[in-house]
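So the chains spell out like this:
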Amino acid sequence: MSIQQIFSLCGGVQNIARVLLPDDKLIIEVKHDVEEPNAPEFIKTIEVQGETQLVFRRPADLTFDEALALDQTLAALQKHRAKAYQTPIESEWRPSWHISPPIGLLNDPNGFIYHNGQYHLFYQWYPYGCEHKDKHWVLLTSDDLVNWTWQRVALTPSAWFDSHGVFSGHSVSQGDTLYTFYTGNTRIGPQRDRHTTQCVAIAKGDGELVKQGPIIEGLPPGVTEHIRDPKVFKRGELWWMVLGAQTTELQGRLAVYTSRDLKHWDYQGLFGQELGDFGYMWECPDMFELGGQDFAMFCPQGIEFESPYHTIGHHNGLAKAQFGDEITLELSDFQALDYGFDFYAPQTMQAPDGRRILCAWMGLPDEVDQPSSDEGWAHQLTCFRQLDYRDGVVRQYPIRELESLIETQQSVVLTEALHDVGVQSFDLSLTLEWGQSLNLFEGDGHQLVIKANAETHQLILDRSETLNRAADVIREVDIDTDLIELRILADTSSVEIFINQGQYVMTSRVFTSKQSTCMSVLGGDVNACLKTLKAPKAPFANEATA
Ligand code: FRU
């Protein structure tokens with residue numbers, strides 16, 4: 001029996017929600033129940049998370065190309081379905097210049113790259129609710145990193161190797177060909193066993209990504225199915241693929257494969273042992289050179305924090321990386337990239353002028369219950385940040401292109417009296433002395449407090465008087481300077497605080513009333529430079545508004 005005949009027993013291609021091909025089986029999840037097929041290939045019906053799956057014997061003559069062709073049919077249907085979810089829903093929490101999903105849930109930035117004369121940025125998206133399910137990739141493009149155009153839903157969970165999520169990854173630009181590496185995530189059977197493969201999709205002339213299938217199947221020795229988020233880069237003659245991995249002893253590590261042609265990959269080993277017991281899983285690695293030093297950036301999960309206020313085990317940061325003569329890698333001096341609440345899965349890209357530019361998910365795994373979720377969308381990306389490494393210090397700055405959004409600029413003296421800015425989207429620069437506090441998003445019973453605590457010499461970010469629903473409300477960072485220089489970007493439901501010229505950063509989503517547009521300083525007057533920011537041309541980076 002051909003696969004087309006099996007599809008028609010399942011109510012036709014329109015009725016197919018997912019296809020899986022584990023071992024010698026073909027499993028089809030249907031949208032609407034059908035009569036049990038009366039065919040020798042049919043084995044049984046199973047229920048998986050409330051959905052019906054029909055299990056068949058895999059047709060013996062099913063070729064890889066035939067299966068990929070079916071994937072394209074399902075992908076077209078899934079992309080068509082997602083089209084109805086591309087118009088941004090109105091929301092009082094909607095940022096005016098950060099990238100947010102039109103509806104549904106956004107998480108990691110993916111495939112961030114300058115390609116064919118344009119910045120390309122993909123992100124993880126689940127259109128059909130504020131939950132972590134069946135991830136798609138959205139593609140946005142830009143000429144200036146400020147005005148973004150929604151291009152399309154680039155990848156959907158349509159294939160047997162990624163049917164439960166086209167997970168995160170990076171892109172490589174070769175001439176006018178874009179190679180996009182990602183992790184295919186599938187769950188098999190009622191027990192939902194996870195199966196992970198590393199996959200590639202290639203875009204040529206017209207820019208449409210075409211899936212080529214898995215390039216790495218099976219697991220390296222001593223690694224669980226938690227191995228994902230490929231970063232691919234070239235060193236000398238060899239391409240390297242670095243993956244976030246979990247060992248069978250539940251230690252987070254980096255797994256490395258190498259290739260000469262981007263197609264055939266050889267496993268080289270696990271790296272990062274020198275960091276010891278450093279979380280149970282490392283996600284979303286990136287590797288790059290900055291100011292003559294190689295760095296590995298990744299997100300270790302499960303590290304406990306000393307601070308009683310910090311209860312979330314999702315960390316972010318970068319370590320110095322030392323490449324050996326053979327294919328080896330040593331990590332040292334791990335440091336956090338962001339000391340706030342909402343910063344995860346950062347990716348970097350090299351701009352044509354050589355700048356290393358970072359963008360991260362302004363959100364955290366497991367946290368979806370926020371006021372915007374009531375309106376049908378969750379999370380946003382951070383602003384684009386230039387990374388520098390000088391005199392042993394890694395710094396982050398908002399990219400200079402953001403200056404094109406300045407609408408008004410004024411010098412203000414901030415005092416205990418409320419200064420009403422009238423808007424919640426601004427770029428504020430000032431210097432605090434120890435003992436002073438800056439209140440932002442103030443009014444209507446809300447405020448976000450940034451306090452220079454003279455006793456502990458810590459800058460404290462306190463979001464306890466906002467509508468934020470996450471458990472943690474306080475973050476702190478140790479500062480050893482006499483004065484604390486701040487540059488703060490606020491955008492309706494977020495704040496990014498760059499401290500002492502980007503040596504530290506604190507990022508948070510901030511949910512307050514629309515009327516909370518005031519600011520004040522306690523503990524002495526402060527001169528500040530206040531710029532209000534306007535929305536870019538396509539504020540939601542969405543087709544409907546572009
Ligand atoms: C990080 C992450 C990645 C994974 C993706 C799935 O936020 O868990 O490891 O590829 O999200 O959406």
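A brief look at the structure comes next. Quantities reported herein were computed from a predicted structural model and do not represent experimental measurements.

Moving on to the side chain of Lys-231. Note on placement: Lys-231 falls in strand β13 (residues 223-235). A polar contact is formed between the side chain of Lys-231 and the side chain of Asp-286, at a distance of 3.0 Å. Beyond its immediate stretch of four places on either side in the chain, Lys-231 contacts His-170, Trp-240, Met-241, Val-242, Pro-285, Asp-286 and Met-287.

Within the structure, the ligand sits among Asn-107, Asp-108, Gln-124, Lys-135, Phe-167, Ser-168, Arg-228, Asp-229, Glu-283, Cys-284, Tyr-344 and Trp-361. The separation between an oxygen atom of the ligand and a polar side-chain atom of Glu-283 is 3.0 Å. Split into classes, the residues belonging to the shell around the ligand amount to four nonpolar, three polar and five charged.

Right, let's get into the sheet that holds strand β7 (residues 136-142). The five strands are arranged β8-β7-β6-β5-β23 in an open sheet whose pairing can be described as mixed. Sheet topology places β8 (148-155) and β23 (377-378) at the edges, where each strand pairs with a single neighbour. Looking at chain direction, β7 and β8 are connected through six bridges and run antiparallel. Directly across from Leu-140, in β8, lies its bridge partner Trp-150.

In this structure, Gln-424 sits in the loop between β28 (419-420) and β29 (425-433). Assessed through its relative accessible area of 7%, Gln-424 is described here as buried. C-alpha of Gln-424 to C-alpha of Gln-124: the two residues are 300 residues apart in sequence and 27 Å apart in space. The contact partners of Gln-424, leaving out residues within four places of it in the chain, are Phe-441, Ala-490, Asp-491, Thr-492, Thr-512, Ser-513, Lys-514, Ser-516 and Thr-517. Only 3.0 Å separates the side chain of Gln-424 from the backbone oxygen of Ser-513, close enough to count as a polar contact.

Buried residues dominate strand β21 (residues 344-350), accounting for six of its seven residues. Examined bridge by bridge, β21 and strand β22 (residues 356-362) share five bridges and lie antiparallel to one another. Residue pairing in the sheet places Tyr-344 in a bridge with Trp-361 of β22. Counted between consecutive antiparallel strands, the loop separating β21 from β22 contains five residues, among which Gly-354 sits at a positive phi close to 95°.

Two side chains with opposite charge may pair up if their charged atoms get near one another. Tallied over the entire structure, the rule returns 23 salt bridges. Here Asp-333 ties to Lys-320 by a salt bridge, and the two come within 3.6 Å at their closest N and O atoms. Pair noted here: Asp-333 is in strand β20 (residues 329-336) and Lys-320 is in strand β19 (residues 317-323), with a separation of 13 residues, a long-range link. When its relative accessible area of 25% is taken as the criterion, Lys-320 is described as partly exposed. Across the pair Arg-487 and Asp-427 runs a salt bridge whose closest N-O atoms are separated by 2.7 Å. Here the residue Arg-487 occupies a position in strand β34 (residues 483-491), and Asp-427 occupies one in strand β29, the gap between them amounting to 60 residues. For Arg-487, a relative accessible area of 25% gives the class partly exposed. It is possible to trace a salt-bridge network through shared partners that takes in Asp-342, Glu-367, Arg-463 and Arg-509.

Moving on, we come to the nonpolar core. Membership of the largest hydrophobic core comes to 40 residues, with the highest contact counts inside it found for Ile-99, Phe-112, Trp-148 and Phe-384. For this core, the secondary-structure elements that each account for two or more residues are β5 (104-115), β6 (118-126), β7, β8, β21 and β22. Split by domain, this core shows at least three residues from each of two domains, domain 2 (219-336) and domain 3 (403-533).

Rules used in this analysis
- Residues numbered from 1 in each chain as written.
- Predicted model: local features only at pLDDT ≥ 70, side-chain atom pairs only at ≥ 80, totals over all residues.
- Heavy atoms only, no water.
- Helix = DSSP H or I, 4+ residues; strand = E, 2+ residues; numbered from the N terminus.
- Polar contact = N/O pair within 3.5 Å; in protein donor to acceptor, adjacent residues only side chain to side chain.
- Contact = heavy atoms within 4.5 Å.
- Near = heavy atom within 4 Å.
- Nonpolar A, V, L, I, M, F, W, Y, C, P; charged D, E, K, R; others polar.
- Pairing = 2+ DSSP bridges.
- Buried < 20%, exposed > 50% of the residue type's maximum accessible area, 1.4 Å probe, protein only.
- Salt bridge = Lys/Arg side-chain N within 4 Å of Asp/Glu carboxyl O.
- Core = buried A, V, L, I, M, F, W, Y, C linked by side-chain atoms within 4.5 Å.
- Domains from an automatic or database assignment.

Note that every value here comes from positions in space, so none of it alone points to a role or purpose.
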